[in-house]
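A structural walkthrough
Each chain is listed here by its residues.
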Amino acid sequence: MRNLASLLFAGGLAFLLLTLLSQLAFGTPPMRVGSEILAVAPGEVGAANLVTAILLGYRGFDTLGELAILFAAATAAGVVLGRRRDDARRDPPGGEVLRTGADLLFPLLVVVGFYVIAHGHLTPGGGFQGGVILAAAFFVALLAQPARHLSHGLILWIEGLAGAAFILIGIWALVASGDFLAPLLGPGRMGELLSAGTLPLLSLAIGLKVGAELAGIMAHIADAEAPDT
Amino acid sequence: MISDLAVPNLFVAQAGQLVLPVVLPLLAAFLMQPLARVSTALARGLGPLVLILCAWITAQLWIQLGDAPFTLAIGGFAPPLGILFYADGIALLFALAVPVFALLFWPGSESGGGAGADSRPGSDQADRDQAARRDALVLLLVAATTGLALSGDLFNLYVFYELAAVASFGLVALSGTGRAQVATFRYLMISAFGSVLALAGIAILYMQTGTLNLGQLAQLAPETLNNPIGSAAFALMLIGFGVKAELFPVNTWVPEVYAGAPARVSALLAGLVSKLAVLVIVRLLVLIFPQPEAAQMLLVLGVLGVLTGEFAAWRAKDFPRMLAFSSIGQLGIVFVAFSIGGEIGLLAGLAVALHHLIVKSALFGLAVRWNGSLEALAGAARTSPLGAALFVLFALSLVGVPPLPGFWAKLTVIVGLAERGTPLDITALMSILLVTAVEASYLFRVAIRLYQDNPDPVARHARRDLGVSALLGAVLVAATLGLRPVADVLGAGAAQLGDRAGYIETVFPSHVAGKD
Amino acid sequence: MMSLTLEGVVLIGALGLIVIGALGMAISNHLFRMLLALVLAESGANLLIVLSGYRVGASAPILGFGDPTAPMVDPVPQVLVLTAIVIGVGVQALAVALLLKVYRVYGTLNVRELRDRMDADVATAAGVEADASQDAPAGERPLPPVPAHASVGSGGFGRRGPVPFPPQSDERRP
């Protein structure tokens, strides 16, 4: 009965969406806001990567909300999983090959992560992507050697301060120019590493926060998932 | 330090401060856990302090700027490009209500302990961590709901809606029981499914119009969205945003979550968060989807919610579940009211919504102690006479007994329905009258049980919860005495809320912005 | 009617993912599979957003790469989808955490077994002898009594101790 109802519902949904399919104009979007941003963003924000210009400039407030959501998820995961049971056992460490590989990968991943963060306003990439790579560096280390301990305290400080830095940059703009998160420091010369005003700083804050957040969730899950047998 | 910066600026940059009630709680939430490692007292005081500051800033802005609606372009980017905050009377009212209610139901460690088992000493560090997380989540919820009240950008609304959702998952899971975790997971799945639909709706709207700004969408709506595509997008977003607003088909999470969550969290979710989700739906309905199909959808789902909610409440066997089902029913009435449209519909909807905000929060405040089955409440009037008296007051108002504001709110809905008078409206009217009888039946059944003789009644209320409920009861009585001024204020708010042309004019002054 | 262009294929894929995901969430009776179905549906919605900014023959919205006069795709949906993906990741991580906890408490993620065990839990907490037939798979022991403070909803927002786990938890692993 329940399955039948769900099938009918899904069929209805599919039908509804399919009727739309034939009417919408794909491949030729109206681009009311889009083309205007394409025209003014290089001058106003100065980032070569226009997606980053929107992400941290025009829609920077969304990005703050997004950071907050990730933070809320990490915090809620902490609430759910609580602290590690002292009696729980950990996975045995990985073999020699795995450990050596992880040790070799770790610095590489960290460098790539920071590179992606630092060039977010020039090339595809940015705080979120780089932050995930940073977190991955710690995942690999943790997976190869489960006994290694990620310091929750350190993670908390990094994510707290990085998040606060993002907001404080915004408030700085509020005090300096009257608008929260308005671009500061001038656009600079397009295409240079130090350009686009405060955008690289925001990217760095996001990268550190995302990295710390994901590493924190991972550490919580790894702690919780210590098998008993 | 931040307040030092903010306060002098309040007189310089005016509307720019409107972001602070959203941003300051976020800042405090980010710093909460590291601070708790340094100083527990500091972390414990930070939350209430920030909430007071937010309420103060909002109140200041309202007093200084609030006569006419005003906007704030975040980052200084001109309206259709950047994200916009739009503040009219209703938005500011809710933006003010959010920190106030969060303060009233702030999770205090000492007084909040419900069951005796709670005070069981655990590991100190773990407890402090958990308290810091809990405070951070409440602050995130405050930031998100304030953003929902103020934002004038479709996607930004979605982001804040999701933030409110994720923060409330964490808060519901706080009680730590297995049942609560399962309830949270269900809630998360329904909510995430709703988000998928809402995202699809947003994508369709964007394909059709190429903008996310509510003002520009309102401008474009008559020519681009008054068609099946627009109606489908509305249906998708209605279901999506309806999850938190306890709309009929996507409200199955409600009873388990409200019964499993700490009662104060339930008070915040049922009272505050659901109203903000309703406000988002109303904004969409008024600005972007004025076509009759959209209102009809809302009406039908609202009636179904009213009937299912109230009958389920009648069958409920424990206090929190009864309140949860009754909340579904009441929100159904809110939807019915808003579907009437026009000034009277908006007025009726606002009246029922605000009335429910006060009454249901207060009732959940009572449920902190009365969290068991209804049978266990027998004789509770002896240990907690004030609590029982307050329950009777709220029950009377919820049913709609004449002098109380609940009567006026329901009457406005019924008059609005009768005025329009289509068969569907008459059906809605009849079902509201029907469920009023049902409400009376189950609420007074509880009231009678409270005053029964019982040698072994439940524990009395903590002073704080009782105080909060008494305060809200006093507000209710004050509203009864001053019904006319309240009605006038709400009427003005409803007129502003329904003023589509005014919204467009405020966002794009002097019509220069018809940029297409 | 549209011919089968690239965007047509992507659109059908996006809608298909949403519908498959919705169906999977509705009919699967294992909580983790429900979560996977949700991930599918979210991917569908994300695809739909990206598609809403697609412009035939246009290039990526990055200056300094390729022909500067060529048209660019709409950059706004790309930002939206980035945001939506990150939000999705957060929600999914939280869902996994919840599932871990649920598994630790009840020893199953199967919806039917879970319901039986939750019922047994309530019965035990209420001091009623749980009906043996209520306990899922035959041959399995009924749940050990759950300490009262773990199953009685803690009223307020109060402090709570660490949640105790049934000591025999490993025996209940399937």
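As the structure is a prediction and not an experimental result, all values here were calculated from the model. (Residues numbered from 1 in each chain as written. Chains lettered and ligands numbered in written order. Predicted model: local features only at pLDDT ≥ 70, side-chain atom pairs only at ≥ 80, totals over all residues. Heavy atoms only, no water.)

As a further point, take the pairing of strand E2 (residues 84–87) of chain B. Residues and elements named next belong to chain B. Alternating residues of E2 divide into Leu-84 and Tyr-86 and Phe-85 and Ala-87, and every residue in both groups is buried. Pairing of strand E1 (residues 70–73) with E2, which is carried by four bridges, proceeds in the antiparallel orientation. Counterpart to Phe-70 in the pairing with E2 is Ala-87. (Buried < 20%, exposed > 50% of the residue type's maximum accessible area, 1.4 Å probe, protein only. Helix = DSSP H or I, 4+ residues; strand = E, 2+ residues; numbered from the N terminus. Pairing = 2+ DSSP bridges.)

This next bit is on the pattern of salt bridges. When the charged atoms of two side chains with opposite charge come close together, those side chains can pair. The full count for this structure, using the stated rule, is twelve salt bridges over all chains. Here Arg134(B) ties to Asp135(B) by a salt bridge, and the two come within 3.3 Å at their closest N and O atoms. Since its relative accessible area comes to 4%, Asp135(B) is described here as buried. Put simply, Asp318(B) and Arg321(B) hold a salt bridge, and the shortest N to O gap is 3.0 Å. The class of Arg321(B) is partly exposed, set by a relative accessible area of 21%. Among the charged side chains, a network of salt bridges with common partners joins Arg59(A), Asp62(A) and Asp153(B). (Salt bridge = Lys/Arg side-chain N within 4 Å of Asp/Glu carboxyl O.)

Next up on the list: the UniProt feature "transmembrane region" (unreviewed entry) in chain C. Residue and element names in this part refer to chain C. Per the UniProt record, "transmembrane region" (unreviewed entry) is found at residues 6–27, 34–56 and 76–100. Segment residues 6–27 splits into 100% helix and 0% strand. End C-alpha atoms: 31 Å apart. End-to-end, the C-alpha atoms of residues 76–100 are 37 Å apart, and along that stretch the chain is 100% helix and 0% strand. (UniProt positions renumbered as here; feature names shortened; annotations may be inferred.)

A word on the interface of chain C and chain A. Every contact between the two is made by 50 residues of chain C and, on the other side, 53 residues of chain A. Interface area lost by chain C to chain A is led by Leu63(C), Val79(C) and Arg104(C), which between them contribute 13%. Linking chain C to chain A there are zero salt bridges. One can count two residue pairs in polar contact (both at pLDDT 80 or more) joining chain C with chain A. Taken together, the elements giving at least two residues each to the side of chain C that touches chain A come down to helix H1 (6–27), helix H2 (31–52) and helix H3 (75–106) of chain C. Of the residues assigned to the side of chain C that touches chain A, the class counts are 35 nonpolar, seven polar and eight charged. (Contact = heavy atoms within 4.5 Å. Buried area = accessible area lost by both parts, 1.4 Å probe. Polar contact = N/O pair within 3.5 Å; in protein donor to acceptor, adjacent residues only side chain to side chain. Nonpolar A, V, L, I, M, F, W, Y, C, P; charged D, E, K, R; others polar.)

Taken together, the 69 residues of chain B in the interface contact 59 residues of chain A. Here chain B packs against chain A, burying approximately 5300 Å² in sum over the two surfaces, 76% of which is carbon and sulfur. The largest share of the area that chain B buries against chain A comes from Phe30(B), Phe77(B) and Leu81(B), three residues that together contribute 16% of it. Between chain B and chain A we count one salt bridge in total. For Arg59(A), the salt bridge is made with Asp153(B), and the minimal N-O distance between the two is 2.5 Å. The tally of links between chain B and chain A comes to four residue pairs in polar contact (both at pLDDT 80 or more). Of all the secondary structure elements, the ones that give two or more residues to the side of chain B that touches chain A are helix H1 (2–12), helix H2 (20–38), E1, helix H6 (124–150), helix H7 (154–173), helix H8 (178–209), helix H9 (214–224) and helix H10 (228–242) of chain B. Among the elements that make up the side of chain B that touches chain A, the one with the highest residue count is H2(B) (13 residues). In terms of residue class, the side of chain B that touches chain A is built from 46 nonpolar, 17 polar and six charged.

All names here are of chain A. On the surface, Phe-114, Leu-154, Ile-158, Leu-204 and Leu-208 cluster together into a nonpolar patch covering about 390 Å² of accessible area. Put simply, the parts of the chain that give the nonpolar patch at least two residues each are helix H7 (152–177) and helix H8 (199–224). For Leu-204, the position within the fold is in helix H8. You can call Leu-204 partly exposed: its relative accessible area is 36%. (Patch = residues over 30% accessible without salt bridge, like charges linked within 9 Å, V, L, I, M, F, W, Y side chains within 5 Å. Areas by Shrake-Rupley, 256 points an atom, 1.4 Å probe, with all protein chains shown as cover.)

Before going further, it helps to spend a moment on the nonpolar core. Counting residues in hydrophobic clusters, the biggest one holds 315 residues, and the most contacted among them are Phe61(A), Phe180(A), Leu140(B), Phe319(B) and Phe391(B). For this core, the two domains that each supply at least three residues are domain 1 (7–55 + 73–106) and domain 2 (110–151) of chain C. Counting residues in hydrophobic clusters, the runner-up holds seven residues, among them Leu142(A), Leu150(A), Met218(A) and Ala219(A). (Core = buried A, V, L, I, M, F, W, Y, C linked by side-chain atoms within 4.5 Å. Domains from an automatic or database assignment.)

Another point: the confidence of the model for chain C. All names here are of chain C. Counting all residues, the mean pLDDT for chain C is 72, and 67% of those residues have values of 70 or more. Per-element confidence in chain C is highest for H2, whose mean pLDDT is 91, and lowest for helix H5 (residues 148–151), whose mean pLDDT is 41. Across residues 130–174, where pLDDT falls below 50, the model places 99 contacts with residues more than four positions away in sequence or in other chains. (pLDDT = per-residue confidence, 0-100.)

The next thing to look at is the packing of H7(A) against H2(B). At a closest axis distance of 9 Å, the pairing of H7(A) and H2(B) adopts a crossing angle of 150°. Between H7(A) and H2(B), the angle falls in the class roughly antiparallel. Crossing of H7(A) against H2(B): the hand is left-handed. Considering only residue class, the contact of H7(A) with H2(B) consists of 17 nonpolar, five polar and two charged. (Axes fitted to C-alpha atoms, helices over the stretch in contact; angles between N-to-C directions. Parallel < 35°, antiparallel > 145°, perpendicular 65-115°, else oblique. Left-handed = near helix turned anticlockwise from the far one by under 90°.)

Let us now look at helix H21 (residues 483–497) of chain B. Residue and element names in this part refer to chain B. Taking 1.5 Å as the rise per residue, H21 with 15 residues should run 21 Å; its terminal C-alpha atoms sit 20 Å apart, in good agreement. Within H21, the full set of buried residues consists of Ala-487, Leu-490, Gly-491, Gly-493, Ala-494 and Leu-497. Projected down its long axis, H21 shows its buried positions confined to an angular sector of 165°, all on one face. Opposite the packed face of H21, turned more than 90 degrees from it, sit the exposed residues Arg-484 and Val-489. (Expected span 1.5 Å × (residues − 1). Arc of directions from axis to C-beta.)

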